[in-house]
Amino acid sequence: MAFVCLDIRCPWIFLICTLFGCTLSSNTEIKVNPPRNFEIVDPGYLGYLYLRWQPPLALDKFEKCTVEYVLKYRNVDSQRWRTVITKNLHYKDGFDLNKRIEAKVHTLLSSQCTNGSEAQSSWSEATYWTQEQGSVETKIKDMDCVYYNWKYLVCSWKPGMSEHTDTNYNLFFWYEGLDHARQCVDYIKAHGKNIGCRMSYLESSDYKDFFICVNGSSKFKPIRSSYFIFQLQNIVKPLPPDSLSLTVNNLFEVNLKWNIPEGPIPARCFIYEITFTEDDTSWMTTTDKNEINLPRTLNESEHLCFLVRSKVNIYCSDDGLWSEWSNKQCWEGERWKKTLVFFVMPFLFVVVLVIVMVYLLAYKQKTLLKMQDRTDSITSLVWKLPPWKGTIQTLQERPSVRQQ
């Protein structure tokens, strides 16, 4: 009875196996090999590395399939893998050579060739690290790079902790477009040692990884190299704005205006920070224009000042450095009246007093001259009179005249 039942089930089992079992077996039968000869190659570009591999074996039977490669890579101290899916057999990217690098890649077949589900191979792995020479204490410290006004790059550093008197440092840089790494030709020196470098005429270097290596030399012991990666547009420090003007529109509003900093930075790339002072109260605001109207919080304020500085905005860079503050521009409200009272009026009084005194002195001198002229005239007349020949009789001596 059981045998009969089994015979009855066989067609159904065969049908189920045909519909599902064969599909499963077909999936397990589709296998693809991992990429071959995976390696990380350093072409000498200070951290810009090539990751390359060769196609897997037995790939010719998948000629009609889309073959892709999933590449993952990272520095060993990072928790996050960078992932790239590509049809190429190579990939290039920048890495921090201060740390070890690891990468892995596998083959990926599209679902069109694998009955609806993707097939992938096992991982091919590779690692890379530079040959470290010297102790960590010999490395430079406090590396700082600024791209001034989007024109020239200045990097500076401090010597390592355990340097000898003969230790000196050299800077090399590279970015995509240069055929080889270049050495600094304009070092900044202190006490005969290189502590910085100026780099000008960096053509077509924007929006690219900029790789720097600072190594050193000493007769006493090896110096460990230090590696850095920048994007120059993210470390730009513009010039401060100039030609500031402050205009009081009315009792409730003031107008602030300044010139766009000179240089190659487009006007649309600036953001400005303003510090506005009204009597003893200060506050800050930002704008992307070189002019702004601000309300007056104190209508009777007599002392208004502002400063402004500039920075490359988020539309032209991921980050940036603020410029130095501009010169202060101020407006003095009714102070001219006080100036008139305390300075101009006394000055005018002194001037008038001097004029009056000069006039009086001149008048007195003129009067004295007139009196002298009169005296001289009388004296000359006296001397011109003829001598008196008669006798002078007194009134008593005169004969009396009688009336008849």
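Residues numbered from 1 in each chain as written. Predicted model: local features only at pLDDT ≥ 70, side-chain atom pairs only at ≥ 80, totals over all residues. Heavy atoms only, no water.

Draft legend 1. Examining the overall build of the protein chain more closely. Within the protein chain, the regular secondary structure consists of two helices and 24 strands. Accessible surface for the protein chain amounts to roughly 27100 Å². Of this, 56% is attributable to carbon and sulfur atoms. (Helix = DSSP H or I, 4+ residues; strand = E, 2+ residues; numbered from the N terminus. Areas by Shrake-Rupley, 256 points an atom, 1.4 Å probe, with all protein chains shown as cover.)

Draft legend 2. The arrangement of the sheet that holds strand β17 (residues 236-237) in detail. As summarised here, the arrangement of the five strands in space is β13-β14-β10-β9-β17, forming an open sheet in which the pairing is mixed. What marks the edges here is a single partner per strand, and that holds for β13 (187-190) and β17. As judged from the two bridges shared by strand β9 (residues 141-148) and β17, these two strands associate in the parallel manner. Within β17, the position partnered with tyrosine 148 by the bridge is lysine 237. (Pairing = 2+ DSSP bridges.)

Draft legend 3. Spotlight on the sheet that holds strand β5 (residues 90-94). Here three strands make up an open sheet; going across it, the order is β1-β2-β5 and the pairing antiparallel. Two strands lie at the open edges of the sheet, namely β1 (36-41) and β5, each paired on one side alone. Here the strands of the sheet are splayed against their neighbours by 10° on average, with no regard to which way each runs. Two elements, β1 and strand β2 (residues 48-54), share four bridges in a ladder whose sense is antiparallel. Considered in β2, the bridge of glutamate 39 is made with arginine 52. (Axes fitted to C-alpha atoms, helices over the stretch in contact; angles between N-to-C directions.)

Draft legend 4. Quick peek at unusual backbone geometry. The phi torsion at tyrosine 201 lies on the positive side, around 55°, for a residue other than glycine. Residue position: tyrosine 201 is located in the loop between β14 (193-200) and β15 (209-217). You will see that serine 204, though not glycine, has its phi angle at about 55°, which is positive. Topologically, serine 204 is positioned in the loop between β14 and β15.

Draft legend 5. Broad picture of the packing of aromatic side chains. A full pass over the atoms with the stated rule returns 18 aromatic pairs. A centroid spacing of 6.3 Å and a plane angle of 80° characterise the contact between tyrosine 48 and tyrosine 50, whose relative ring orientation is edge-to-face. Here tyrosine 48 falls in the buried class, since its relative accessible area comes to 13%. Ring pairing ties together the aromatic residues Tyr45, Tyr48, Tyr50, Trp174 and Phe211, which thus form one cluster. (Phe/Tyr/Trp six-rings, centres within 6.5 Å; stacked < 30°, edge-to-face > 60°. Buried < 20%, exposed > 50% of the residue type's maximum accessible area, 1.4 Å probe, protein only.)

Draft legend 6. Here's a closer look at the pairing of β14. Both strand β10 (residues 152-158) and β14 contribute to a ladder of five bridges, which runs antiparallel. When the bridges of β14 are listed, tyrosine 152 appears paired with serine 200. Linking β13 back to β14 in an antiparallel pair, the connection comprises two residues, with histidine 191 at a positive phi of about 55°.

Draft legend 7. View of the pattern of salt bridges. For the coordinates displayed, the defined rule picks out 11 salt bridges. Close ionic contact of glutamate 324 with lysine 237 constitutes a salt bridge, the shortest N to O distance being 2.7 Å. Of the two residues, glutamate 324 sits in the loop between β23 (303-312) and β24 (329-332) while lysine 237 sits in strand β17, which places them 87 residues apart along the sequence. By sharing partners, the salt bridges in this structure join Asp77, Asp96 and Lys99 into a single network. (Salt bridge = Lys/Arg side-chain N within 4 Å of Asp/Glu carboxyl O.)

Draft legend 8. A look at the environment of isoleucine 223. Examined against the element boundaries, isoleucine 223 turns out to sit in the loop between β15 and β16 (226-231). Overall, the relative accessible area of 7% leaves isoleucine 223 in the buried class. On a C-alpha basis, the gap between isoleucine 223 and serine 162 in space is 9.6 Å, while along the polypeptide they are 61 residues apart. If we ignore the near neighbours within four places in the chain, the residues touching isoleucine 223 are Gln133, Thr138, Thr167, Tyr169, Gly216, Ser217 and Ser218. (Contact = heavy atoms within 4.5 Å.)

Draft legend 9. Up close: the environment of aspartate 280. Tracing the backbone shows aspartate 280 in the loop between β20 (270-278) and β21 (281-287). Once the C-alpha coordinates of aspartate 280 and leucine 304 are considered, the two residues, 24 residues apart in sequence, prove to be 9.3 Å apart.

Draft legend 10. Fine view of the confidence of the model for the protein chain. Per-residue pLDDT for the protein chain has a mean of 83; in total, 79% of the residues score no lower than 70. For the stretch residues 1-28, pLDDT sits under 50, and the model shows six contacts to residues farther than four places along the chain or on other chains. Scored below 50 in pLDDT, residues 400-404 makes zero contacts in the model with residues more than four places away or belonging to other chains. (pLDDT = per-residue confidence, 0-100.)

Draft legend 11. Focus on the side chain of serine 226. Inspection of the secondary structure puts serine 226 in strand β16. When neighbours within four sequence positions are excluded, serine 226 is seen to be in contact with Asn98, Lys139, Ile140, Ile212, Cys213 and Val214.

Draft legend 12. Broad picture of the state of the cysteines. This structure, assessed with the given rule, holds four disulfides. In this model, cysteine 184 is linked to cysteine 197 through a disulfide, with the two sulfur atoms separated by 2.0 Å. One disulfide, between cysteine 184 and cysteine 197, carries an S-S torsion of 105° and so falls in the right-handed class. Here cysteine 197 lies in strand β14 and cysteine 184 lies in the loop between β12 (182-183) and β13, a separation of 13 residues in the sequence. Using a relative accessible area of 0% as the deciding quantity, one classes cysteine 197 as buried. Two residues, cysteine 305 and cysteine 330, share a disulfide whose sulfurs are 1.8 Å apart. Looking down the S-S bond of the cysteine 305 and cysteine 330 bridge, the torsion is 110°, so its handedness is right-handed. Here cysteine 305 is found in strand β23, whereas its partner cysteine 330 is found in strand β24, with 25 residues between them in sequence. Given a relative accessible area of 4%, cysteine 305 falls into the buried group. (Disulfide = S-S within 2.5 Å.)

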